[in-house]
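Now for the letters of each chain:
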Amino acid sequence: LPVSAHAGGSVGGSGSSSGGSSSADNGGAYPEGESGGGFLSLIPFLLISGAFTYAGAYVLHKKHRDGHQLMKKLEQCDPIWNEETLNHSVTETFYAVQYAWMEMDIEKLSLYLTPRLMELWTAKMEWMKQREEVSVMRKIQLKGRQVIGVYDYQDDDRDFVWYSIKASMIDYNQNIRTLEVVEGDPNHKITFEEYWKFQRIGNRFRLDDVMGIDEVEAGAFRSISEEEEARLADCAAFF
(Lines give C-alpha, C1' and ligand atoms only; values in the text may rest on other atoms or scores of the structure.)
Protein backbone atom coordinates (compact mmCIF):
# COMPACT_ATOMS: atom_id res chain seq x y z
CA LEU A 1 0.00 0.00 0.00
CA PRO A 2 2.35 2.77 -1.17
CA VAL A 3 1.60 6.21 0.24
CA SER A 4 2.95 9.46 -1.12
CA ALA A 5 4.23 11.95 1.42
CA HIS A 6 1.85 14.79 0.62
CA ALA A 7 -1.82 14.58 1.45
CA GLY A 8 -3.87 13.60 -1.57
CA GLY A 9 -1.32 11.37 -3.26
CA SER A 10 -3.00 8.31 -4.70
CA VAL A 11 -2.70 5.01 -2.87
CA GLY A 12 -0.46 2.92 -5.09
CA GLY A 13 -1.12 5.58 -7.68
CA SER A 14 0.66 7.33 -10.47
CA GLY A 15 3.98 9.09 -10.57
CA SER A 16 2.27 12.45 -10.79
CA SER A 17 0.45 11.94 -7.54
CA SER A 18 3.43 10.58 -5.66
CA GLY A 19 5.87 13.25 -6.69
CA GLY A 20 7.60 11.08 -9.26
CA SER A 21 6.60 12.92 -12.40
CA SER A 22 10.03 14.49 -12.70
CA SER A 23 11.83 11.15 -12.66
CA ALA A 24 14.91 10.91 -14.87
CA ASP A 25 14.02 7.37 -15.93
CA ASN A 26 13.15 7.44 -19.63
CA GLY A 27 10.62 4.62 -19.19
CA GLY A 28 11.78 2.94 -22.38
CA ALA A 29 10.91 5.97 -24.49
CA TYR A 30 14.28 5.87 -26.25
CA PRO A 31 15.61 2.51 -27.52
CA GLU A 32 19.08 1.81 -26.20
CA GLY A 33 22.05 1.83 -28.54
CA GLU A 34 20.51 4.05 -31.19
CA SER A 35 21.76 7.40 -32.54
CA GLY A 36 24.18 7.86 -29.68
CA GLY A 37 21.59 10.05 -27.94
CA GLY A 38 21.68 12.58 -30.81
CA PHE A 39 19.39 15.58 -30.65
CA LEU A 40 17.82 14.90 -34.05
CA SER A 41 16.41 11.61 -32.81
CA LEU A 42 14.55 13.54 -30.08
CA ILE A 43 12.80 16.00 -32.39
CA PRO A 44 9.79 13.79 -33.28
CA PHE A 45 9.32 12.91 -29.61
CA LEU A 46 9.54 16.55 -28.53
CA LEU A 47 7.04 17.62 -31.19
CA ILE A 48 4.59 14.89 -30.19
CA SER A 49 5.02 15.68 -26.49
CA GLY A 50 4.44 19.36 -27.17
CA ALA A 51 1.31 18.58 -29.15
CA PHE A 52 -0.11 16.41 -26.37
CA THR A 53 0.71 19.07 -23.77
CA TYR A 54 -1.04 21.75 -25.83
CA ALA A 55 -4.02 19.48 -26.47
CA GLY A 56 -4.31 18.66 -22.78
CA ALA A 57 -4.16 22.32 -21.81
CA TYR A 58 -6.84 23.16 -24.39
CA VAL A 59 -9.14 20.42 -23.07
CA LEU A 60 -8.71 21.63 -19.48
CA HIS A 61 -9.40 25.21 -20.57
CA LYS A 62 -12.62 24.12 -22.29
CA LYS A 63 -13.69 22.06 -19.26
CA HIS A 64 -13.05 25.04 -17.01
CA ARG A 65 -15.05 27.34 -19.27
CA ASP A 66 -17.99 24.92 -19.31
CA GLY A 67 -17.88 24.55 -15.54
CA HIS A 68 -17.59 28.30 -15.00
CA GLN A 69 -20.59 29.03 -17.22
CA LEU A 70 -22.76 26.42 -15.52
CA MET A 71 -21.82 27.61 -12.04
CA LYS A 72 -22.87 31.17 -12.96
CA LYS A 73 -26.34 29.84 -13.82
CA LEU A 74 -26.62 27.58 -10.78
CA GLU A 75 -25.54 30.32 -8.38
CA GLN A 76 -28.67 32.30 -9.17
CA CYS A 77 -30.77 29.66 -7.42
CA ASP A 78 -28.21 28.07 -5.08
CA PRO A 79 -25.47 30.28 -3.53
CA ILE A 80 -23.29 27.24 -2.77
CA TRP A 81 -22.21 27.31 -6.44
CA ASN A 82 -20.56 30.73 -6.15
CA GLU A 83 -17.24 30.09 -7.87
CA GLU A 84 -15.19 32.61 -5.89
CA THR A 85 -16.38 31.16 -2.58
CA LEU A 86 -15.75 27.62 -3.78
CA ASN A 87 -12.27 28.53 -5.02
CA HIS A 88 -11.46 29.95 -1.60
CA SER A 89 -12.74 26.76 0.05
CA VAL A 90 -10.55 24.61 -2.22
CA THR A 91 -7.49 26.68 -1.35
CA GLU A 92 -8.25 26.46 2.37
CA THR A 93 -8.78 22.70 2.10
CA PHE A 94 -5.54 22.16 0.22
CA TYR A 95 -3.34 23.82 2.85
CA ALA A 96 -5.33 22.51 5.81
CA VAL A 97 -5.12 18.87 4.78
CA GLN A 98 -1.38 19.10 4.04
CA TYR A 99 -0.59 20.29 7.56
CA ALA A 100 -3.12 17.94 9.17
CA TRP A 101 -1.63 15.04 7.20
CA MET A 102 1.88 15.96 8.30
CA GLU A 103 0.72 16.13 11.93
CA MET A 104 -1.39 12.98 11.47
CA ASP A 105 -4.26 14.89 13.03
CA ILE A 106 -7.43 12.87 12.36
CA GLU A 107 -9.64 15.45 14.06
CA LYS A 108 -8.49 18.29 11.78
CA LEU A 109 -8.78 16.14 8.67
CA SER A 110 -12.36 15.23 9.55
CA LEU A 111 -13.32 18.89 9.06
CA TYR A 112 -12.37 18.77 5.38
CA LEU A 113 -12.89 15.18 4.19
CA THR A 114 -15.99 13.12 3.46
CA PRO A 115 -16.46 10.05 5.68
CA ARG A 116 -15.48 7.84 2.72
CA LEU A 117 -12.12 9.54 2.18
CA MET A 118 -11.61 9.87 5.93
CA GLU A 119 -11.76 6.10 6.23
CA LEU A 120 -9.22 5.62 3.44
CA TRP A 121 -6.76 8.20 4.77
CA THR A 122 -7.07 6.86 8.31
CA ALA A 123 -6.01 3.46 6.97
CA LYS A 124 -3.03 5.08 5.21
CA MET A 125 -2.01 6.80 8.44
CA GLU A 126 -2.23 3.54 10.38
CA TRP A 127 -0.03 1.90 7.77
CA MET A 128 2.54 4.66 8.15
CA LYS A 129 2.46 4.38 11.95
CA GLN A 130 3.18 0.67 11.68
CA ARG A 131 6.20 1.49 9.56
CA GLU A 132 7.21 4.23 12.01
CA GLU A 133 7.08 6.84 9.28
CA VAL A 134 5.96 10.46 9.16
CA SER A 135 5.41 12.86 6.28
CA VAL A 136 7.55 15.97 6.04
CA MET A 137 6.48 18.83 3.79
CA ARG A 138 8.12 22.22 3.38
CA LYS A 139 7.67 25.22 1.08
CA ILE A 140 4.11 24.16 0.32
CA GLN A 141 2.61 26.23 -2.49
CA LEU A 142 -0.68 25.89 -4.33
CA LYS A 143 0.27 27.17 -7.78
CA GLY A 144 -3.13 26.87 -9.41
CA ARG A 145 -6.63 25.46 -9.12
CA GLN A 146 -9.60 25.58 -11.45
CA VAL A 147 -12.97 23.89 -11.71
CA ILE A 148 -13.16 21.35 -14.55
CA GLY A 149 -16.34 19.43 -13.80
CA VAL A 150 -19.66 20.47 -12.22
CA TYR A 151 -22.31 17.88 -11.39
CA ASP A 152 -25.59 19.34 -10.14
CA TYR A 153 -28.51 17.08 -9.27
CA GLN A 154 -32.05 17.68 -8.08
CA ASP A 155 -31.03 15.76 -4.98
CA ASP A 156 -28.46 18.19 -3.51
CA ASP A 157 -26.71 15.41 -1.59
CA ARG A 158 -25.47 14.04 -4.92
CA ASP A 159 -23.82 17.28 -6.05
CA PHE A 160 -20.07 17.27 -6.57
CA VAL A 161 -17.35 19.18 -8.40
CA TRP A 162 -13.90 18.34 -9.78
CA TYR A 163 -10.91 20.67 -9.60
CA SER A 164 -7.57 20.58 -11.37
CA ILE A 165 -4.85 21.18 -8.77
CA LYS A 166 -1.23 22.19 -9.40
CA ALA A 167 1.14 22.52 -6.46
CA SER A 168 4.77 22.33 -5.41
CA MET A 169 6.60 21.44 -2.22
CA ILE A 170 9.53 19.60 -0.70
CA ASP A 171 7.88 16.30 0.06
CA TYR A 172 9.30 13.17 1.71
CA ASN A 173 8.67 10.41 4.26
CA GLN A 174 11.02 9.92 7.19
CA ASN A 175 11.55 7.16 9.76
CA ILE A 176 10.62 8.43 13.22
CA ARG A 177 13.46 6.69 15.08
CA THR A 178 16.35 6.73 12.62
CA LEU A 179 15.34 9.94 10.77
CA GLU A 180 16.21 8.08 7.57
CA VAL A 181 14.46 9.37 4.44
CA VAL A 182 12.48 6.41 3.10
CA GLU A 183 10.67 8.14 0.23
CA GLY A 184 11.05 11.44 -1.61
CA ASP A 185 13.87 13.97 -1.67
CA PRO A 186 14.44 16.44 1.20
CA ASN A 187 16.63 18.67 -0.97
CA HIS A 188 14.52 19.22 -4.06
CA LYS A 189 11.13 20.80 -4.56
CA ILE A 190 8.71 18.81 -6.73
CA THR A 191 5.74 20.03 -8.75
CA PHE A 192 2.69 17.83 -9.23
CA GLU A 193 -0.78 17.98 -10.74
CA GLU A 194 -3.85 16.14 -9.53
CA TYR A 195 -7.63 16.10 -9.86
CA TRP A 196 -9.54 16.69 -6.61
CA LYS A 197 -13.20 15.83 -6.19
CA PHE A 198 -15.36 17.75 -3.70
CA GLN A 199 -18.65 16.21 -2.60
CA ARG A 200 -21.51 18.32 -1.30
CA ILE A 201 -22.45 17.60 2.30
CA GLY A 202 -25.14 19.96 3.53
CA ASN A 203 -24.14 23.54 2.80
CA ARG A 204 -20.47 22.92 1.99
CA PHE A 205 -18.19 20.80 -0.20
CA ARG A 206 -15.68 18.36 1.27
CA LEU A 207 -12.77 16.56 -0.36
CA ASP A 208 -13.88 13.10 -1.46
CA ASP A 209 -11.30 11.79 -3.95
CA VAL A 210 -7.90 12.49 -5.46
CA MET A 211 -6.63 11.20 -8.81
CA GLY A 212 -3.35 11.63 -10.67
CA ILE A 213 -3.48 13.29 -14.07
CA ASP A 214 -2.46 10.03 -15.75
CA GLU A 215 -5.27 8.08 -14.04
CA VAL A 216 -8.10 9.75 -15.97
CA GLU A 217 -8.41 11.62 -19.27
CA ALA A 218 -9.19 15.32 -18.89
CA GLY A 219 -11.91 14.89 -21.51
CA ALA A 220 -13.82 12.59 -19.16
CA PHE A 221 -14.92 15.48 -16.95
CA ARG A 222 -18.29 17.08 -17.65
CA SER A 223 -20.50 19.86 -16.36
CA ILE A 224 -24.14 18.82 -16.12
CA SER A 225 -27.27 19.91 -14.27
CA GLU A 226 -30.49 17.96 -13.86
CA GLU A 227 -32.24 21.22 -12.99
CA GLU A 228 -31.14 22.84 -16.26
CA GLU A 229 -32.08 19.77 -18.28
CA ALA A 230 -35.51 19.61 -16.64
CA ARG A 231 -36.07 23.31 -17.32
CA LEU A 232 -35.14 22.92 -20.99
CA ALA A 233 -37.42 19.87 -21.29
CA ASP A 234 -40.33 21.87 -19.83
CA CYS A 235 -39.69 24.68 -22.31
CA ALA A 236 -39.56 22.24 -25.23
CA ALA A 237 -42.84 20.64 -24.13
CA PHE A 238 -44.50 24.07 -23.79
CA PHE A 239 -43.60 25.12 -27.33
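The rules we used
- Residues numbered from 1 in each chain as written.
- Predicted model: local features only at pLDDT ≥ 70, side-chain atom pairs only at ≥ 80, totals over all residues.
- Heavy atoms only, no water.
- Helix = DSSP H or I, 4+ residues; strand = E, 2+ residues; numbered from the N terminus.
- Buried < 20%, exposed > 50% of the residue type's maximum accessible area, 1.4 Å probe, protein only.
- Contact = heavy atoms within 4.5 Å.
- Areas by Shrake-Rupley, 256 points an atom, 1.4 Å probe, with all protein chains shown as cover.
- Expected span 1.5 Å × (residues − 1).
- Polar contact = N/O pair within 3.5 Å; in protein donor to acceptor, adjacent residues only side chain to side chain.
- Salt bridge = Lys/Arg side-chain N within 4 Å of Asp/Glu carboxyl O.
- Phe/Tyr/Trp six-rings, centres within 6.5 Å; stacked < 30°, edge-to-face > 60°.
- Lys NZ or Arg CZ within 6 Å of the ring centre and 35° of its normal.

Regarding the overall build of the protein
Scanning the protein for helices and strands turns up 5 helices and 6 strands. Listed by position from the N terminus, the elements making up the protein come as α-α-α-α-β-β-β-β-β-β-α. Counting over 239 residues, the protein shows a buried share of 39%. Expressed as a percentage of contacts within the protein between residues at least 6 apart in sequence, the contacts between residues at least 24 apart total 68%. A total of about 13500 Å² of accessible surface is found on the protein, and carbon and sulfur atoms cover 54% of it.

Section: helix α2 (residues 83-103)
Since there are 3.6 residues in each turn of an α-helix, residues three or four apart along the chain are aligned in direction. Over its 21 residues, α2 runs 30 Å from end to end, which matches the ideal 30 Å to within 8%, given 1.5 Å per residue. Within α2 the residues assigned to the buried category are E83, L86, N87, V90, T93, F94, A96, V97, Q98, A100 and W101. Two or three places before E84, at the opening of α2, N82 has a side-chain oxygen 3.2 Å from that residue's backbone nitrogen. M104 lies just past α2 and shows a positive phi near 50°.

Description of the environment of D208
Position of D208 relative to the elements: it lies in strand β5 (residues 204-212). As a C-alpha pair, D208 and F160 span 48 residues in sequence and 9.0 Å in three-dimensional space. In contact with D208, not counting residues within four places along its chain, are T114, R116, L117, K197, F198 and Q199. Looking at D208, its side chain comes within polar contact range of the side chain of T114, at 2.6 Å.

Looking at unusual backbone geometry
In this model, M104 sits at a positive phi of 50°, which is unusual for a non-glycine residue. With respect to the element layout, M104 can be found in the loop between α2 and α3 (106-109). Take M104: its relative accessible area is 16%, and that puts it in the buried class. In this model, E132 sits at a positive phi of 55°, which is unusual for a non-glycine residue.

Remarks on the pattern of salt bridges
For the structure shown, the criterion picks out 12 salt bridges. For R116, the salt bridge is made with D208, and the minimal N-O distance between the two is 3.3 Å. Taken together, the positions of R116 in helix α4 (residues 115-130) and D208 in strand β5 put the pair 92 residues apart, joining distant regions of the chain. Across the pair R200 and D156 runs a salt bridge whose closest N-O atoms are separated by 3.8 Å.

Some details on the packing of aromatic side chains
In this structure the tally under the stated criterion is 10 aromatic pairs. Considering the side-chain rings of W162 and F221, the 5.3 Å spacing of their centres and the 55° angle between planes classify their relative orientation as tilted. Placement of W162 in strand β2 (residues 160-175) and of F221 in the loop between β5 and β6 (223-225) is noted, with a sequence separation of 59 residues between them. Among the aromatic residues, those joined into a cluster by ring pairs are F94, Y95, Y163, W196 and F198. The positively charged end of K197 is found above the aromatic ring belonging to F160, 4.6 Å away from the centroid.

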